Amino acid sequence: MGRGFRIVVLIKQVPDIEKVKFDFEVGRIDRSSAPAETNPFDLHALEAAVRLKEKFGGLVTAISMGPKQAESSLREALARGADHAILLTDARFAGADTIATSRALAAAIKKLGEFDLILCGEKTVDGDTGQVGPEVAELLNVPHVAYVSEIREVAGDKIVVVSDMGDKYLCEVKLPALLTVTRELNAPRLPTLRDVLSARKKRIEIWDADALADYEDPNRFGINGSRTIVVKVVVPGTEKRKGIILRGGDAVEKLFNILEEGGFARP
Amino acid sequence: MIGGILVYAETIDSKIHPISFELLGKAREIAEKLGLEVWSVIMGFNIREHARDLIYYGADKVYVYDDESLKDFDVVMYKDVLVKLVREIEPEIFLVGATPLGRSLAPRVAAALDTGLTADCIDLQVDDEGNLIQIRPAFTGNILAHIKTMSKPIMSTIRYKVMSMPTRDENRSGEIVVKDPPKKIDTGIRILGRISRRAVNITDAEVIVSAGRGLKKREDLKMLEELANLLGGVLGASRPLVDEGWITKDHQVGFSGNTVKPRLYIACGISGSPQHLAGMRDSQIIVAINADPSAPIFRYADYGVVGDLYEVVPKLISMIKRVKGVGGS
Ligand SMILES: Cc1cc2nc3c(=O)[nH]c(=O)nc-3n(C[C@H](O)[C@H](O)[C@H](O)COP(=O)(O)OP(=O)(O)OC[C@H]3O[C@@H](n4cnc5c(N)ncnc54)[C@H](O)[C@@H]3O)c2cc1C
Ligand SMILES: Cc1cc2nc3c(=O)[nH]c(=O)nc-3n(C[C@H](O)[C@H](O)[C@H](O)COP(=O)(O)OP(=O)(O)OC[C@H]3O[C@@H](n4cnc5c(N)ncnc54)[C@H](O)[C@@H]3O)c2cc1C
């Protein structure tokens, strides 16, 4: 790999989940109440990409599909070591399920040209499907390894990784390939002030659906290209819980009795 | 010709993962409602003998791919086999377990078939118009989304232990179709070996006693482990303890760890963050022991004890020991 590693990192902007308000009565998600952040798992994917670049040389491109404000996550990616950033934004991308999302991302990667490795998070904290990685790999016809918790070595056109499937497996994959990563992979470094400032000067490329038309039919993006629809959202209450607080000096004894009656503390 | 619901029977070490039987049970139930058959597919090496079990648990027809080339989980090989089979038999619905393997494999199959896939469902229902409604948690477990698929086959991955285990009926009969193994191709993937096994299989545990940041030092885990053992359960933990290196990730409960559904979950010194709740909120009985009466965990608990875990837990241990008639205290 004389020209160094060409690495693509997929970055999704998500709401800060601890600040999203979930309306229990009407089953509504109020995203506007929460500040946006980069999907935590994607920071680990980016860190891995930057480390590979530092070791072997190369180029890291961050791609995100989302509304205009997702630019801030790409800006963060630039501060954290990405060389290029591309935002896929267009009303025609909106309302995408995972397959429609994956088509847009795969088309953008095709447009970029050659790549050795695509890194993405294991899943997101909002949609939470973990499907986009494997789907992008399939659409690009490259192998993938999911739940990568360690990158052991890169030798020639192969990468050796540990895949955490509960039991851990050592896997060798031929490049180009896609990896989905867990949080155990690394500890993302914080960007320095200098990194943040220089990232501000970098340009974020904006691609719309037409920009990808050579690689995918724009009617297959967004809500039109989606195969699943969310018909209803329910915010589960806690009503099925008993919510009994055991009080008084004999609280532990009461708990013990409950466990015993439940058959948990049999002689 | 009667259509079918296809169930992927997952194997590990040439044994069937119990999720496969749970899926067959659910598939049977939906099949009755929609007038479909239940089909299953099993692949691996030396797994042929299990085909009959799949029939006993509800399959009408089982497709078997038994070949050395399928010994290791090569996601591309497995995908190719499933895509070919689905194109041939055209099921209406295709269910896969939401295990790490299933969640890596199913999206590739769905993308190749250009069909919708719903992730990590905890329920499947049939509405009045005969549509399959797939119910799944999202937003770190904060909501339940009801999802409909507009393409065929409807694909979903289903969480382990949310569907009940059907009874095994050795009188059931069905057809076993042994398929030709796929041609071995170089997919670019080589599984060099298993380098470690999980220390505990926490998702299978009936009782879990979990430790959180309320614990002062690593050694104190022993106390909670003792409680877990006395209750016939295993030790769980919140994420910070794993990050500290006090305990391995096999024990971690939550969004980036294991999703569990034991009969009894005791959270000790755990505040109840959304990420922790995402992994245990469907447990049958939840007990919380926490010093802070305003800790969110109490809102999700059936029983709560407000107090110092260093007083509560030892007391509880000695009471249990007394009825069990075990040593000392
Ligand atoms: C409540 C709810 C439930 C949903 N359930 C389903 C469902 O069951 N099936 C389905 O097909 N769709 C579903 N969707 C739609 C889905 O959330 C979107 O398609 C989303 O754009 C991508 O899915 P995800 O967030 O699950 O990503 P995941 O597949 O969890 O993401 C994995 C990785 O892929 C990369 N990635 C994901 N999205 C982007 C992006 N936009 N830009 C760049 N990189 C990205 C990141 O690296 C990320 O870490 C649901 C949406 C909602 C609101
Ligand atoms: C993307 C992402 C994924 C995550 N995944 C997970 C996950 O899988 N699992 C997980 O657990 N977390 C996860 N987290 C972290 C999560 O946000 C919380 O930080 C974590 O769950 C807090 O753990 P805790 O409850 O043990 O600690 P704390 O929130 O610090 O709570 C400690 C509790 O102990 C109580 N306490 C203190 N002393 C005592 C005492 N002597 N006796 C009794 N009670 C006492 C306190 O009142 C407090 O309520 C994730 C976070 C992110 C961003």
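Trainee: Would you explain the overall build of chain A in this entry?
Mentor: Looking only at helices and strands, chain A has seven helices and 15 strands in total. Expressed along its principal axes, the backbone C-alpha trace of chain A runs to roughly 70 × 40 × 40 Å. Among the 267 residues that make up chain A, the fraction classed as buried is 54%. Contacts spanning at least 24 positions in sequence make up 72% of the contacts within chain A whose residues lie at least 6 apart. Charge-centre separation for chain A: the mean point of 38 positive side chains lies 3 Å from the mean point of 40 negative side chains.

Trainee: Quick question: what am I supposed to make of the site of ligand 1 here?
Mentor: With respect to spatial proximity, 33 residues lie near ligand 1, and among them Lys12, Asp42, Thr98 and Thr129 of chain A together with Arg136 of chain B are the closest. Ligand 1 is flanked by residues contributed from chains A and B. With respect to ligand 1, the backbone of Ile11 of chain A contributes an N or O atom lying 3.4 Å from a nitrogen atom. Here an oxygen atom of ligand 1 and a side-chain polar atom of Lys12 of chain A are 2.6 Å apart.

Trainee: Explain the sheet that holds strand β8 (residues 123–126) of chain B to me, please; I cannot follow it from the model alone.
Mentor: Strands pair in a sheet through their backbones, by hydrogen bonds, and they do so in one of two ways: parallel or antiparallel. With antiparallel pairing, four strands are arranged side by side in an open sheet as β14(A)-β10(B)-β9(B)-β8(B). A single partner strand is all that each edge strand has here, and the edge strands are β14 (228–234) of chain A together with β8 of chain B. For this sheet, the mean inter-axis angle between neighbouring strands, taken without regard to orientation, is 30°. Two strands pair when backbone bridges link them, and β8 of chain B and strand β9 (residues 132–138) of chain B are joined in this way by four bridges, in the antiparallel orientation. The partner of Asp123 of chain B across the bridge, within β9 of chain B, is Ile135 of chain B. Against the sheet, helix α1 (residues 19–34) of chain B engages β8 and β9 of chain B, with an angle of about 10° to β8 of chain B.

Trainee: Sorry, what's going on with the site of ligand 2 here?
Mentor: Residue and element names in this part refer to chain B. By nearness alone, 29 residues border ligand 2, and Arg213, Ser238, Gln252, Ser256 and Ser271 come closest of all. Contact distances for ligand 2 include 3.0 Å between a nitrogen atom and a side-chain N or O atom of Asp308. Within the complex, the protein chains bury 81% of what would otherwise be the 990 Å² of accessible surface of ligand 2. Among the elements of the structure, α6 (239–243), α7 (274–280) and α8 (309–324) are those that each provide at least two residues to the shell around ligand 2. When its residues are assigned to classes, the shell around ligand 2 shows eight nonpolar, 14 polar and seven charged.

Trainee: Explanation requested: the packing of aromatic side chains in the structure shown.
Mentor: Ring pairs (aromatic) are described by centroid distance and by the angle formed between their planes. Inspection of every chain in the model, using the stated rule, returns five aromatic pairs over all chains. Ring centres 5.2 Å apart and planes at 65° place the aromatic pair Phe93 of chain A and Phe221 of chain A in the edge-to-face group. Of this pair, Phe93 of chain A sits in the loop between β7 (84–88) and α3 (98–112) while Phe221 of chain A sits in the loop between β13 (205–207) and α6 (222–225), placing them 128 residues apart in sequence. You'll find Phe93 of chain A and Phe221 of chain A in the same group, each marked buried. Its end group placed over the ring of Trp207 of chain A, Lys111 of chain A keeps NZ or CZ at 5.0 Å from the ring centre. One residue, Lys123 of chain A, lies across the ring of Phe255 of chain B, its end atom 3.8 Å from the ring centre.

Trainee: Explanation requested: the sheet that holds strand β12 (residues 177–181) of chain A in the structure shown.
Mentor: Strand order in the open sheet formed by ten strands is β13(A)-β7(A)-β6(A)-β1(A)-β8(A)-β12(A)-β9(A)-β10(A)-β11(A)-β13(B), with mixed pairing between adjacent strands. Looking at which strands have only one partner, the edges of the open sheet turn out to be β13 of chain A together with β13 (189–196) of chain B. Here the average twist between neighbouring strands, direction ignored, is 30°. Direction of pairing for β7 of chain A relative to β13 of chain A: parallel, over a ladder of three bridges.

Trainee: Looking at this model, I keep getting lost on the pattern of salt bridges. Mind explaining?
Mentor: Any two side chains of opposite charge can pair, on the condition that their charged atoms come close. Taken as a whole, this structure holds 46 salt bridges over all chains when the rule is applied. Linking Arg220 of chain A and Asp114 of chain B is a salt bridge whose minimum nitrogen-to-oxygen distance equals 3.0 Å. Taken together, the residues span two chains, with Arg220 of chain A in the loop between β13 and α6 and Asp114 of chain B in the loop between α4 (100–113) and β7 (117–121). Exposure remark for Asp114 of chain B: the relative accessible area of 22% places this residue in the partly exposed category. In this structure, Asp302 of chain B and Arg241 of chain A form a salt bridge, with 2.8 Å as the shortest nitrogen-oxygen distance. Of this pair, Asp302 of chain B sits in the loop between β17 (285–290) and β18 (303–306) while Arg241 of chain A sits in the loop between β14 and β15 (244–246), on two different chains. We note that Asp302 of chain B, like Arg241 of chain A, is buried.

What counts, and where the lines are drawn
Residues numbered from 1 in each chain as written. Chains lettered and ligands numbered in written order. Predicted model: local features only at pLDDT ≥ 70, side-chain atom pairs only at ≥ 80, totals over all residues. Heavy atoms only, no water. Helix = DSSP H or I, 4+ residues; strand = E, 2+ residues; numbered from the N terminus. Buried < 20%, exposed > 50% of the residue type's maximum accessible area, 1.4 Å probe, protein only. Contact = heavy atoms within 4.5 Å. Lys, Arg positive; Asp, Glu negative; His and termini not counted. Charge placed at Lys NZ, Arg CZ, Asp CG, Glu CD. Near = heavy atom within 4 Å. Polar contact = N/O pair within 3.5 Å; in protein donor to acceptor, adjacent residues only side chain to side chain. Pairing = 2+ DSSP bridges. Axes fitted to C-alpha atoms, helices over the stretch in contact; angles between N-to-C directions. Areas by Shrake-Rupley, 256 points an atom, 1.4 Å probe, with all protein chains shown as cover. Nonpolar A, V, L, I, M, F, W, Y, C, P; charged D, E, K, R; others polar. Phe/Tyr/Trp six-rings, centres within 6.5 Å; stacked < 30°, edge-to-face > 60°. Lys NZ or Arg CZ within 6 Å of the ring centre and 35° of its normal. Salt bridge = Lys/Arg side-chain N within 4 Å of Asp/Glu carboxyl O.

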